[in-house]
Amino acid sequence: MSYIAPAVQAKFETLSIDLKNEILERNVQINTIYDLIQVLEEIVNGK
């Protein structure tokens, strides 16, 4: 189950529903904006 820290929640909510769903399906922990950026880069790079 994915976890989005409260400190990053506002940024996460600005993403499209498709991106949010993709992130949540990856079972990741996002504690900082840098974690969020890393997951987005992995999505873009097809990982």
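Residues numbered from 1 in each chain as written. Predicted model: local features only at pLDDT ≥ 70, side-chain atom pairs only at ≥ 80, totals over all residues. Heavy atoms only, no water.

Q: Any chance you could explain the side chain of Lys20 here in plain terms?
A: In this structure, Lys20 sits in helix α2 (residues 17-25). With a relative accessible area of 13%, Lys20 lands in the buried category. Once residues lying within four places of it in the same chain are set aside, the contact partners of Lys20 are Phe12, Glu13 and Leu15. (Helix = DSSP H or I, 4+ residues; strand = E, 2+ residues; numbered from the N terminus. Buried < 20%, exposed > 50% of the residue type's maximum accessible area, 1.4 Å probe, protein only. Contact = heavy atoms within 4.5 Å.)

Q: Which parts of the structure should I look at to understand the confidence of the model for the protein chain?
A: For the protein chain, per-residue confidence averages 96 on the pLDDT scale, and residues scoring 70 or more make up 100% of the total. Here α2 stands out as the least confident element of the protein chain, with mean pLDDT 96; strand β2 (residues 29-30) is the most confident, with 98. (pLDDT = per-residue confidence, 0-100.)

Q: Sorry if this is basic, but what is going on with unusual backbone geometry here?
A: Glycine aside, negative phi is the norm for most residues, and most peptide bonds take the trans geometry. The phi dihedral of Asn27 falls on the positive side, at around 55°, and the residue is not glycine. Tracing the sequence through the fold places Asn27 in the loop between α2 and β2. Under the relative-accessibility criterion, Asn27 is labelled exposed at 54%.

Q: What exactly am I supposed to notice about the packing of α2 against helix α3 (residues 33-44) here?
A: Between two packed helices, the angle of one axis relative to the other and the distance separating the axes together describe the packing. Packing of α2 against α3 brings their axes to within 11 Å, and their N-to-C directions diverge by 100°. The angle between α2 and α3 falls in the class roughly perpendicular. The residues of α3 that touch α2, namely those facing Leu19, Glu22 and Ile23, are Leu36, Val39, Leu40 and Ile43. Residue composition of the contact of α2 with α3, by class: 6 nonpolar, no polar and 1 charged. (Axes fitted to C-alpha atoms, helices over the stretch in contact; angles between N-to-C directions. Parallel < 35°, antiparallel > 145°, perpendicular 65-115°, else oblique. Nonpolar A, V, L, I, M, F, W, Y, C, P; charged D, E, K, R; others polar.)

Q: Looking at this model, I keep getting lost on the environment of Ile23. Mind explaining?
A: Mapped onto the fold, Ile23 is located in helix α2. Between the alpha carbons of Ile23 and Ile4 there is a distance of 9.7 Å; along the sequence they are 19 residues apart. Filtering out sequence-adjacent residues up to four positions away, Ile23 remains in contact with Ser2, Ile4, Phe12, Leu15, Val28, Ile30, Leu36, Val39, Leu40 and Ile43.

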